[in-house]
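Residue-level structure breakdown
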Amino acid sequence: EPEVTQTPSHQVTQMGQEVILRCVPISNHLYFYWYRQILGQKVEFLVSFYNNEISEKSEIFDDQFSVERPDGSNFTLKIRSTKLEDSAMYFCASSPKGTGSYNEQFFGPGTRLTVL
Amino acid sequence: LAKTTQPISMDSYEGQEVNITCSHNNIATNDYITWYQQFPSQGPRFIIQGYKTKVTNEVASLFIPADRKSSTLSLPRVSLSDTAVYYCLVENSGYALNFGKGTSLLVTP
């Protein structure tokens, strides 16, 4: 069964450093997403991406965040200057359609980001 | 955006049927009701989605009354591996899935 993969599984970085989280969505999916989950809290939407552009973003997704699909398979989330409060589990997801009925999103296993 | 309310936690013994009810009084005509499951340190996983009446798949059943102001996820004969957080979402427009705090289900022997 096809699945979303994410690398690395755990990333430790110093405050102020840039990090890039990588995801390989399911191959025939067209919509891509990033979510985050701070420890003990709910899953929060960050951004959705379709046709090489952002289709929706949350208030969390400020100027320090960016997303990119550099080739036909990878989807990345970059945090330019990490803060302590960016420590969280980051989930990538993909879906074959964007909205409406049966818009099942398939989530990856997550990258745990720890900012020291 | 329709707000959902569900119990914070539930306990069950193995082999029992578990019903988790979600309230969504402000559901809009075009909204669908979707349930996701999340195990610790894993991403959420789609369980089931419905619009009205009853939907059943190999994992669960979803009961939606005529007024659609609530829904009930039914897990038949739960096992220890069903211990997880279950999220009720109401969605239609937009790309984002809006997760609440979910219901933490603990299944014990």
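Our subject is the structure that appears above.
Since this is a predicted model, take the numbers as computed values, not measurements. (Residues numbered from 1 in each chain as written. Chains lettered and ligands numbered in written order. Predicted model: local features only at pLDDT ≥ 70, side-chain atom pairs only at ≥ 80, totals over all residues. Heavy atoms only, no water.)

Attention now goes to the interface of chain B and chain A. Each side of the interface is counted separately: chain B has 17 residues, and chain A has 24 residues. With both sides pooled, the region where chain B packs onto chain A buries about 1800 Å², and carbon together with sulfur makes up 57% of that total. Its largest share of buried area at the contact with chain A, chain B owes to B:Gln49, B:Tyr95 and B:Phe99, together 35% of the area lost on that side. If you look at where chain B meets chain A, you find 0 salt bridges. Our count for the contact surface shared by chain B and chain A stands at 4 residue pairs in polar contact (both at pLDDT 80 or more). Elements with a minimum of two residues in the side of chain B that touches chain A: strand S3 (32–38) and strand S4 (45–50) of chain B. Broken down by element, the side of chain B that touches chain A gets its largest block of residues, 3 residues, from S3(B). Across the side of chain B that touches chain A, the residue classes break down as 9 nonpolar, 8 polar and no charged. (Contact = heavy atoms within 4.5 Å. Buried area = accessible area lost by both parts, 1.4 Å probe. Salt bridge = Lys/Arg side-chain N within 4 Å of Asp/Glu carboxyl O. Polar contact = N/O pair within 3.5 Å; in protein donor to acceptor, adjacent residues only side chain to side chain. Helix = DSSP H or I, 4+ residues; strand = E, 2+ residues; numbered from the N terminus. Nonpolar A, V, L, I, M, F, W, Y, C, P; charged D, E, K, R; others polar.)

This next bit is on the sheet that holds strand S1 (residues 9–13) of chain B. Residue and element names in this part refer to chain B. On the basis of which strands lie adjacent, the open sheet formed by 5 strands has the order S1-S9-S8-S3-S4 and mixed pairing. At either margin of the open sheet sits one strand with a lone partner, and together these are S1 and S4. Ignoring which end each strand starts from, the neighbouring axes of this sheet average 25 degrees apart. (Pairing = 2+ DSSP bridges. Axes fitted to C-alpha atoms, helices over the stretch in contact; angles between N-to-C directions.)

Moving on, we get to unusual backbone geometry. Residues and elements named next belong to chain A. Between Thr7 and Pro8 the backbone carries a cis peptide bond, its omega angle lying at -10 degrees. The residue Pro8 is located in the loop between strand S1 (5–7) and strand S2 (10–13) in this model. Located in the positive-phi region is Asn51, a residue other than glycine, with phi close to 55 degrees. Considering the arrangement of structural elements, one finds Asn51 in the loop between strand S5 (43–50) and strand S6 (53–57).

Turning to the state of the cysteines, a few remarks are in order. Taken as a whole and judged by the stated rule, the model has 2 disulfides over all chains. A:Cys23 shares a disulfide with A:Cys92; S-S distance 1.9 Å. Here A:Cys23 and A:Cys92 share a disulfide; its torsion about the S-S bond, -65 degrees, makes the bridge left-handed. Of this pair, A:Cys23 sits in strand S3 (residues 19–24) while A:Cys92 sits in strand S9 (residues 88–95); the two residues are 69 residues apart in sequence, bridging distant segments of the chain. Across the disulfide, B:Cys22 is cross-linked to B:Cys88 (sulfur-sulfur distance 2.2 Å). Of note, the bridge from B:Cys22 to B:Cys88 carries an S-S torsion of about -80 degrees and is left-handed in sense. (Disulfide = S-S within 2.5 Å.)

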